[in-house]
Amino acid sequence: MDLNSRTPSGPIQQKWDRHRFELKLVNPANKRKYSVIVVGSGLAGGSAAATLSELGYQVKCFCFQDSPRRAHSIAAQGGINAAKNYQNDGDSIWRLFYDTVKGGDFRAREANVYRLAQISVNIIDQCVAQGVPFAREYGGLLANRSFGGAQVSRTFYARGQTGQQLLLGAYQALEKEIARGGVVMFARTEMLDLIVINGRARGIVARDMVTGKVQSHVADAVVLATGGYGNVFYLSTNAKGSNATAIWRAHKRGALFGNPCYTQIHPTCIPVSGEYQSKLTLMSESLRNDGRVWVSKQRGDQRPPDQIPDADRDYYLERKYPSFGNLAPRDIASRAAQEVCDDGRGVGPNGLGVFLDFADAIKRLGEERIRERYGNLFEMYQRITDENPYRVPMRIFPAVHYTMGGLWVDYDLMSTIPGLFVIGEANFSDHGANRLGASALMQGLADGYFIVPYTIGDYLAGAKLEKVGVDHAEVIGTEGIVNERVLRLLAVHGRRTVDSFHRELGKLMWDKCGMARSAEGLREAIQLIPALRDEFWQNVNVPGSDAELNQALEKAGRVADFLELGELMCRDALHREESCGGHFRVEYQTDEGEAKRDDERFAYVAAWEWRGDGAEPCLNREPLTFENVQLATRSYK
Amino acid sequence: MNLKLRIWRQSGPHAAGRFVEYQAPGISPDASFLEMLDVVNERLIENGEVPIAFDHDCREGICGSCGLMINGVAHGPDPGTATCQLHMRRFKDGDIITIEPWRARAFPVIRDLVVDRSAFDRIMQAGGFVSANTGSAPDGNAIPIPKDAVEQAMDAAQCIGCGACVAACPNGSASLFTGAKITHLGLLPQGQPERERRALGMVLQMDAEGFGGCTLFGECQDACPKQISIETISRMNRDFLRAMLTLRPASTGAAGAG
């Protein structure tokens, strides 16, 4: 397939402005003739649905939770980056652009990233206007803090709840539009397939999760804003319901999947405490502003932390990366934690943990200041572990958190299926091989408020869209496929629960396709996952029926999709014979254990094409050229 | 620890519900409450029974999806804690735990422990927003906001929309939920242009949904996982009174009852 990113020409600083002028417009009076479906109501989906409705389009928005305000964007803690340079410390759009490209280990599309940095300033303005209560200084102006991978203080935050507050801004705008009649909301409704007619995305087949009824919805364009696929690992910081079904179905209908192996492991999460563990809890990266990461210098040191003197402590991030120290980017900090644990110096009951210590910060700033900055995070930690982080160091360990990979999109955020737009974490763009902290929130809102509302107009104005109804043959056919699959899941009547399959897949993925990957491990996974998948379809036990609220059935469909996506991730990881960002291949590392890129062979986006059940997927390459940022070894020393 | 659970089962919105007893042996004290229910559900499925339905998502106390009455207390015994954040070390071996959905006329039961909270979204639709269309905003620093106002607004903005306030209130009132949003936006300059409309619209919608009135029990504040203060209800009442005195009835903007 010919991958054309349709990046505009010209100097990078002008591409987006010129493009907006060149994009076709839909006359204000004509917008109400077009309908758009938005799947997902998080930062990207909620902002897109609200904005498209404000512009005059007829919008239908879908979410599987009971209310659009429950989207997992809500859990983001730390903050949102923007190149305002309010702190006068040298920030600029160019610097944010540069930091993000470098942070992504030179595997992102330059033009997209520049646009993101450019739009970041508008996002803050929009959120403030909606009443998002960002932290302020005494003079009444917006406050900032620093975040990983940056040497300037450019992160805006609302205590430790920035995600929730930004999402509420978008949710409130969405509710305003629902009240106005511009958006029809379908909560507790899950997309189960994409309707493609004459090669264009024309709607979705969705299931009402209360009644079980399967129903089709047609539109002139479809926007997927369904988040990331971290739950393929079972244990992640994602919400339990987060899933890849919407993008996976679209993938099987022709939307190429970009860089599936780029998954991000966040360095500071609360360690696993038992077999029953259902998810991992994130401790915001902002904690690394004031906390110091360390382990003992001695192997098997059983002394309680307050009895280990400073001389015996290895502040390994400060030692290895003097200029970034505890704020080294996530992939680097995660691998460093794994390294010291592998060396037998991990802490906690199962030796899989490192200390994040606030003793020095408390001594320097006082407990009150620390409480003001991180109060809710410290409380969260104490509730889960029953340990008091004001008195003893926190124990943390890396955990799957974010997926840089996702459906491939061009500069207009359109996938390889015309009329199917993908925004937020669900798409592959902007973050390259590693996402910097505080940039996911930025990307979701940039895509939803300020990009797709423009680019979708160009598509609608240019496409000759015939009227389709829910009685169209293709619609009926797709519905049939969905119904057949639901019934198939219920008919197996096997011996194993859905969760038991999910756990097994998750462990397999963590072991073979986690922080450190090897050709041998990946090849093994590529054998084991299809076998597990076959067993699933022969031995899964899904209780109940399809004509009722059935949470086991919901999970079963999602796990069935993870059992396919996991295999693609391993294939992608196997083919990429280099280490970059979140993708670390043990065979390709420097003598010091840092990632070793191969820019000559792998400076491209791997966009995979589904070729059918049992067939190997087909690799398409979008070459990446770096005209503005010099390719360099990514060093944070 | 070994526990005995009494759990509300109800197969559909119009079915009669009842308490069913379940044994939960071998539960780790470090497990969370919902992880304990996961374990119970796995065993039920393995025994060919229908698992217990309950809402949950983030499992870290921020999305507001989860909500169980545990021994008659919304979100269980710990203050400032959502159901998903409650850990089994709070209970002891041999305990009997009664688990129910939120009980309120405005939150009809859908199935087992799952209730319909769409009334909350309709209250938001009646004014819980600032009308600022995308693209029209001035610079973020154009309007300085006193730090105290922001901190107070943030305190109120922390509401996760879980409904524990309603479940805990003997009147089934949604005043804390509604008051929290009115307070959050009412304290900020951006919320001023629509302040009266908002209070009027949201309070009238709250009433139309069938929630009860506030008679200052204060149970809501104690049940709230984000420890929102009932001062937000005072502010709501004040803004509502101002609205009643300054606005004409036609300009409420309230949506119809759900």
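Because the structure is predicted, anything quoted here is derived from the model rather than measured.

Some details on the sheet that holds strand β9 (residues 221-224) of chain A
Residue and element names in this part refer to chain A.
Next up, step 1: Sheet architecture is open: five strands sit in the order β5-β2-β1-β9-β17, paired in parallel fashion. The open sheet is flanked by β5 (183-186) and β17 (420-422), the only strands paired with a single partner. Between one strand and the next, the sheet's axes are offset by a mean angle of 20 degrees, whatever the strand orientation.
Next up, step 2: Relative to β17, β9 runs parallel, the two sharing three bridges. Bridging across to β17, Val223 finds its partner in Phe421.

Looking at the environment of Glu194 of chain B
Residue and element names in this part refer to chain B.
Next up, step 1: Turning to its location among the elements, Glu194 is positioned in the loop between α5 (175-186) and α6 (195-208).
Next up, step 2: Judged by the 17 C-beta atoms lying within 10 Å of it, Glu194 is partly exposed.
Next up, step 3: If we skip the residues at most four places from it in the chain, Glu194 touches Gly127, Val130 and Ser131.

Description of the sheet that holds strand β1 (residues 3-9) of chain B
Residues and elements named next belong to chain B.
Next up, step 1: Spatially, the five strands line up as an open sheet ordered β2-β1-β5-β3-β4, and their pairing is mixed. Edge strands, defined here as strands with exactly one partner in the open sheet, are β2 (18-24) and β4 (73-74).
Next up, step 2: Summarising the sheet, β1 and β2 pair through seven bridges and their orientation is antiparallel. The partner of Ile7 across the bridge, within β2, is Val20.

Observations concerning the nonpolar core
Next up, step 1: Of all hydrophobic cores here, the largest spans 287 residues; its most connected members are Val36, Val223, Leu224 and Leu420 of chain A together with Cys165 of chain B.
Next up, step 2: Here this core takes 13 residues from helix α15 (residues 551-575) of chain A, the largest share from any one element.
Next up, step 3: Apart from residues no more than four positions distant in its own chain, Val223 of chain A is found in contact with Val36, Ile37, Val38, Val39, Ala48, Phe421, Ile423 and Val452 of chain A.

A word on the pairing of strand β7 (residues 200-208) of chain A
Residues and elements named next belong to chain A.
Next up, step 1: Most of β7 is tucked away, with eight of its nine residues classed as buried.
Next up, step 2: Relative to β7, strand β6 (residues 189-197) is paired through eight bridges, and the arrangement is antiparallel. Paired with Val196 across the strands is Ala201, a residue of β7.
Next up, step 3: Between β6 and β7, which follow one another and run antiparallel, lie two residues, and Asn198 among them has a positive phi close to 50 degrees.
Next up, step 4: Two strands pair when backbone bridges link them, and β7 and strand β8 (residues 214-218) are joined in this way by five bridges, in the antiparallel orientation. For Arg207, the partnering residue across the bridge sits in β8 and is Val214.
Next up, step 5: Linking β7 back to β8 in an antiparallel pair, the connection comprises five residues, with Gly212 at a positive phi of about 85 degrees.

Digging into the domain arrangement of chain A
Buried accessible area, meaning the area lost when the parts come together, often serves as the stated size of an interface.
Residues and elements named next belong to chain A.
Next up, step 1: Segmentation of chain A into domains returns domain 1 (265-400) and domain 2 (473-622).
Next up, step 2: When each unit is reduced to the centre of its C-alpha atoms, the spacing between domain 1 and domain 2 is 31 Å.
Next up, step 3: Contact with domain 1, which involves seven residues of that partner, is made by six residues of domain 2.
Next up, step 4: The greatest single-element share of the side of domain 1 that touches domain 2, amounting to five residues, is contributed by helix α8 (residues 330-342).
Next up, step 5: Its residues assigned to classes, the side of domain 1 that touches domain 2 comprises two nonpolar, two polar and three charged.

Structural notes on the interface of chain A and chain B
Next up, step 1: Contacts between chain A and chain B engage 62 residues on the former and 64 residues on the latter.
Next up, step 2: The set of elements that each furnish at least two residues to the side of chain A that touches chain B consists of α2 (43-55), α4 (110-129), α5 (162-180), α10 (367-385) and α15 of chain A.
Next up, step 3: A total of nine residues in the side of chain A that touches chain B trace back to one element, the largest contributor, which is α5 of chain A.
Next up, step 4: Of the residues belonging to the side of chain A that touches chain B, the class tally is 25 nonpolar, 22 polar and 15 charged.

Quick notes on the rules
For every chain, the first residue of its written sequence is number 1, and the numbers climb from 1 along that sequence. Going through the entries in the order they are written, you letter the chains from A and number the ligands from 1. pLDDT decides what is reported in this predicted model: residues at 70 or higher carry local features, side-chain atom pairs at 80 or more are listed and counted, and totals for whole chains, interfaces and linings draw on all residues regardless. At least two bridges found by DSSP between two strands are what make those strands a pair. Here a strand is any run of E in DSSP of at least two residues, a helix any run of H or I of at least four, and the numbering for each starts at the N terminus. For helices, the fitted axis covers only the stretch in contact; all axes are lines through C-alpha atoms, and the angles between them, taken along N-to-C directions, range from 0 to 180 degrees. Remark: C-beta atoms are placed from the backbone, and a residue is labelled buried if 20 or more other C-beta atoms sit within 10 Å of its own, exposed if 12 or fewer do, or partly exposed between those counts. Any two residues are considered in contact once their C-beta atoms, placed from the backbone, lie within 7 Å. Nonpolar core, as used here: buried Ala, Val, Leu, Ile, Met, Phe, Trp, Tyr and Cys residues forming one set through C-beta atoms within 7 Å. By convention here, the domain bounds are inherited from an automatic or database domain assignment. Note on residue classes: Ala, Val, Leu, Ile, Met, Phe, Trp, Tyr, Cys and Pro are nonpolar, Asp, Glu, Lys and Arg are charged, and everything else, Gly too, is polar.

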